[in-house]
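# Observations on the model geometry
So you can see what is in the structure, the chains are spelled out below.
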Amino acid sequence: MIHTAVLKKEVLQYLSPQPNENFIDCTVGEGGHAEEILLKNKPEGKLLGIDLDPQQIVSSHWLEAHFQNRVTLVNNSYSHLQEIIERKNFPCLPVGRGQIHGILLDLGMSSAQLEGTEKGFTFKIDQGLDMRYNDQMGYLTSEKIVNEWSEEKIEEALREHGEEKFSKKIAKKIFEERKKGRIKTTFQLIEIIKDATPSQYWRGKIHYATRTFQALRIAVNDELENLKKVLPEAISTLSAGGRLVVISFHSLEDRIVKNFLSEEAKKGTIKILTKKPVCSSREETKVNPRARSAKLRAAIKL
Ligand SMILES: C[S@@+](CC[C@H](N)C(=O)[O-])C[C@H]1O[C@@H](n2cnc3c(N)ncnc32)[C@H](O)[C@@H]1O
């Protein structure tokens, strides 16, 4: 499945790439946003594309072929942003030209990861429970969480990372079921969630397993901590006048971004460009339903 980049027009509006400027796409994915930036910062502007998932880096290799020496791709976590920049010596230009004019974070996962991998991200396909973006960088899997964490810790993860109102009931059921044998697949887990929740919950607007799956994915990949770590690194990395754009897909992420930006604005390090989060248009959500929950926030470094 090909990923459609969300809020493309708005990303360009807030990042405002100009010829010869340099950008970092912390979540390069399949390169949808990166391509738009590279079309604007030609002829000599550079782009550093980072992604934690090695498969996504493979999917963005076409950028290197198309834009040649203007693209550097790195398979790593954006939580190591400054280290990556130093190691790659990005943007490696003569003094005065070596500035970083914009940083983009398009959080969460791509359609390709959701439906095209065997990591158990989706409840639509029966797969093993894994959910790691990168097997080499973490040993924690969703299978380990449901089978090895205490009932209390599972409950807390579902409540805090999934805002799941039936977190207690689901954690209790997981704990009971795993006594019979290891919970290994997405469909096994979905059955457990179904058994633990009332029937009206099964007919809700979102699938009854959505919040549990989100919570597990966030916990496995330490997504909220990574976000908290990258935001200050991104601000200190940007040159004065440089822009930060963040797209989030659920309220936990958006709250972290919103609070961070307002703290920085109070300190006088940035000016917020989006008083309210920017959402996708009705036209965009019609063709790309994933865009429905996208929220974009942007700031400029002072
Ligand atoms: C929504 S997709 C980005 C799509 C991209 N903007 C495009 O146009 O194709 C989010 C990407 O973030 C990556 N990701 C998640 N956590 C990450 C992390 N800690 N560091 C780097 N990349 C991460 C995922 O692997 C995924 O490819």
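Okay, so let's go over this structure. Quick caveat, the model's predicted, so the values are computed rather than measured.

It is possible for side chains of opposite charge to pair when their charged atoms get near one another. Applying the stated criterion across every chain, the model contains 19 salt bridges. A salt bridge links Lys119 to Asp135; the shortest N-O distance between them is 3.1 Å. Taken together, the residues Lys119 in the loop between helix 6 (111–116) and helix 7 (142–148) and Asp135 in the loop between helix 6 and helix 7 connect sequence positions 16 residues apart. Note on Lys119: relative accessible area 16%, which makes it buried. Here Glu176 and Lys173 are joined by a salt bridge, their closest N and O atoms 3.8 Å apart. Of the two residues, Glu176 and Lys173 are both situated in helix 9 (residues 167–178); the distance of three residues between them amounts to about one turn of the helix. Note on Glu176: relative accessible area 33%, which makes it partly exposed. Among the charged side chains, a salt-bridge network with shared partners connects Lys172, Lys173, Glu176, Glu177 and Lys180.

Around the ligand sit 26 residues in total, of which Glu30, Asp51, Tyr78, Asp106 and Gln113 are the nearest. In the model, an oxygen atom of the ligand is placed 2.7 Å from a nitrogen or oxygen of the Asp51 side chain. When the free accessible area of the ligand is taken as 600 Å², the share hidden by the protein chains comes to 99%. Grouping the constituent residues of the shell around the ligand by class yields eight nonpolar, 13 polar and five charged.

Moving on, we come to the layout of surface pockets. Of the volumes computed, that of the largest pocket is approximately 1,300 Å³. Secondary structure elements with two or more residues in the lining of the largest pocket: helix 6, helix 12 (210–221) and helix 14 (251–267). Take the lining of the largest pocket: its biggest share by element is five residues, from helix 12. Taken domain by domain, the makeup of the lining of the largest pocket includes at least three residues from each of domain 1 (8–112 + 223–301) and domain 2 (117–221). Computed from the structure, the second largest pocket encloses a volume of approximately 280 Å³. Taken together, 16 residues form the lining of the second largest pocket, with Met137, Gly138, Val220, Asn221 and Asn226 sitting closest to its centre. The set of elements that each furnish at least two residues to the lining of the second largest pocket consists of helix 12 and helix 13 (223–237). It is helix 12 that contributes the most residues to the lining of the second largest pocket, three residues altogether. Residues belonging to the lining of the second largest pocket are distributed by class as follows: six nonpolar, seven polar and three charged.

Right, let's get into empty space enclosed by the protein. Inspection of every chain in the model, using the stated rule, returns one cavity of 30 Å³ or more. The computed volume of the largest cavity comes to approximately 390 Å³. A total of three residues in the lining of the largest cavity trace back to one element, the largest contributor, which is helix 13.

When we look at burial in helix 1 (residues 8–15), the residues that qualify are Glu10, Val11, Leu12, Tyr14 and Leu15. Packed against the buried residues of helix 1 are strand 1 (23–25), helix 2 (32–40), strand 4 (102–106), strand 5 (243–248), helix 15 (282–287) and strand 7 (295–301). Note on helix 1: the residue one or two positions beyond its end, Ser16, has a positive phi of about 50 degrees.

Definitions and cut-offs
Residues numbered from 1 in each chain as written. Predicted model: local features only at pLDDT ≥ 70, side-chain atom pairs only at ≥ 80, totals over all residues. Heavy atoms only, no water. Salt bridge = Lys/Arg side-chain N within 4 Å of Asp/Glu carboxyl O. Helix = DSSP H or I, 4+ residues; strand = E, 2+ residues; numbered from the N terminus. Buried < 20%, exposed > 50% of the residue type's maximum accessible area, 1.4 Å probe, protein only. Near = heavy atom within 4 Å. Polar contact = N/O pair within 3.5 Å; in protein donor to acceptor, adjacent residues only side chain to side chain. Areas by Shrake-Rupley, 256 points an atom, 1.4 Å probe, with all protein chains shown as cover. Nonpolar A, V, L, I, M, F, W, Y, C, P; charged D, E, K, R; others polar. 1 Å grid on protein atoms, 1.4 Å probe; cavity = no way out; pocket = protein on both sides within 12 Å on 5 of 7 lines; lining within 4 Å. Points joined across faces, edges and corners; volume = space filled by probe spheres on them. Domains from an automatic or database assignment. Contact = heavy atoms within 4.5 Å.

Shape descriptors only; they carry no functional weight alone.
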